[in-house]
Amino acid sequence: MPRLEGRIALVTGAGSGIGRAIAVLFAAEGAHVYVTDVDGAAAEAAAGEIVRAGSSAQAVTADVSRGQDVTAMFRVVDAAHGRLDVLVNNAGLNVRGDFRHLSDADWVKIREVNLDGVVRVARDGFALLKASGRGSLINIASIMGHRGLRQLTAYSATKGAVLALTRGLAVEYAPFDIRVNALAPGFVETALTQRALKNPGIQKALLDSTPLRRFGSPEEIAKAALFFASDDASYVTGAELAVDGGMSAGL
Ligand code: NAP
């Protein structure tokens, strides 16, 4: 039996990369998936792919850094279903650069999506998750929430905050039967990492510190998200799962 049969799921930033892979897998496992993204055409394309495969999905254009977009996004779900079983806070971006040269504008840009957006979605999605009676909120953090790497300091700061937020929310939302967990991917080949991972020097350094000696795929992250979303994780909340080829276990 499909593991998410009859569930209603929403994934932010699902127009590409990890979010798209999560949406595709959740739909294949029986969920009706709201595929949301700031890029409406990308959301439509991903939802179309899911529907053509015989599963159920709907695209919604929403920028998580805009309060009115998030309100409207949840209103669509509320009107159709009155509940949300699985909510994935996936939308994220990075602005690479030496921290000493970080502009206020770049800091605001990264924080508004990676942290403020996650906070807003987790807060405004509460009522619909509560109505589920078995809600699952999944935050896509990063191994960088624990580690430092040149030119990724601002990104790391937002992801570390997402991990702290996950633990607090797990405690606050538990009385409402909402589980809250985080995934901490290592380096996964997507548009976000494309440029860095194609740089021979960076590629070698990262692979040398990854025991499995390869980068991850979006589908491998999606499988871990499916665990948190499903009843297989019914007693799991406040957890962080590293999906990083062993990177965080090494030196
Ligand atoms: P991606 O391919 O760039 O996908 C991110 C998606 O989020 C894109 O479709 C992007 O749209 C969308 N997005 C950006 N800003 C948004 C906003 N304000 N509101 C709604 N959607 C927005 O990157 P990814 O690698 O799959 O990243 C997904 C998540 O995984 C992020 O939170 C990232 O930090 C995390 N992560 C990734 C890795 C990795 O190695 N790839 C590792 C650890 C954690 P546009 O394309 O139009 O900008």
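Shown above is the structure to which this text applies.
Residues numbered from 1 in each chain as written. Predicted model: local features only at pLDDT ≥ 70, side-chain atom pairs only at ≥ 80, totals over all residues. Heavy atoms only, no water.

Caption draft 1: Summary view of the site of the ligand. The full set close to the ligand counts 27 residues, and D37, N90, Y155, V188 and T190 are the nearest of them. D37 places a polar side-chain atom, nitrogen or oxygen, 2.6 Å from an oxygen atom of the ligand. In this structure, V188 approaches the ligand through a main-chain N or O atom, which is 2.7 Å from an oxygen atom. A total of 880 Å² of accessible area belongs to the ligand in isolation, and the protein chains cover 88% of it. At the level of secondary structure, the elements contributing two or more residues to the shell around the ligand comprise α1 (17-28) and α6 (153-173). (Near = heavy atom within 4 Å. Polar contact = N/O pair within 3.5 Å; in protein donor to acceptor, adjacent residues only side chain to side chain. Areas by Shrake-Rupley, 256 points an atom, 1.4 Å probe, with all protein chains shown as cover. Helix = DSSP H or I, 4+ residues; strand = E, 2+ residues; numbered from the N terminus.)

Caption draft 2: Spatial organisation of the packing of aromatic side chains. For the structure on display, the rule yields 3 aromatic pairs. Plain terms: the ring middles of F126 and F176 are 4.9 Å apart, the flat faces sit at 90 degrees to each other, and that makes the pair edge-to-face. Here the residue F126 occupies a position in helix α5 (residues 126-132), and F176 occupies one in the loop between α6 and β6 (178-185), the gap between them amounting to 50 residues. F176 gets classed as partly exposed once you look at its relative accessible area, which sits at 33%. Between F227 and F228 the ring centres are 5.7 Å apart and the planes differ by 40 degrees, which places this aromatic pair in the tilted class. Classification of F227 as partly exposed rests on a relative accessible area of 30%. Counting every residue linked through ring pairs, the aromatic cluster contains F126, Y173 and F176. (Phe/Tyr/Trp six-rings, centres within 6.5 Å; stacked < 30°, edge-to-face > 60°. Buried < 20%, exposed > 50% of the residue type's maximum accessible area, 1.4 Å probe, protein only.)

Caption draft 3: How the structure looks around the pattern of salt bridges. Counting across every chain of the model gives 11 salt bridges. Here D69 ties to R66 by a salt bridge, and the two come within 3.4 Å at their closest N and O atoms. Across the pair K204 and D208 runs a salt bridge, and its minimum N-O distance is 2.6 Å. Here D208 and K204 lie together in helix α8 (residues 200-208), a separation of 4 residues that amounts to about one turn. You can call K204 exposed: its relative accessible area is 53%. Residue class for D208 comes out partly exposed when judged on its relative accessible area of 41%. One salt-bridge network, held together by shared partners, links K204, D208 and R213. (Salt bridge = Lys/Arg side-chain N within 4 Å of Asp/Glu carboxyl O.)

Caption draft 4: Just the nonpolar core, in detail. In terms of nonpolar packing, the biggest core is built from 31 residues, with I22, F26, V33, V35, V88, I138 and L183 touching the most fellow members. For this core, the secondary structure elements donating two or more residues are β1 (8-11), α1, β2 (32-37), α2 (40-52), β4 (86-89), β5 (135-140) and α9 (218-229). Beyond its immediate sequence surroundings of up to four residues, I138 is in contact with F26, V86, L87, V88, N89, N181, L183, A225, F228 and A229. Of all hydrophobic cores here, the second largest spans 24 residues; its members include V60, M73, V121 and L137. (Core = buried A, V, L, I, M, F, W, Y, C linked by side-chain atoms within 4.5 Å. Contact = heavy atoms within 4.5 Å.)

Caption draft 5: How the structure looks around the side chain of D85. Among the structural elements, D85 can be located in the loop between α3 (67-81) and β4. Within the structure, the side chain of D85 is placed 2.7 Å from the side chain of S132, a separation counted as a polar contact. Apart from the residues lying within four places of it in its own chain, the contact partners of D85 are G6, R7, I8, L129, S132, R134, G135 and S136.

By themselves these figures say nothing about function.
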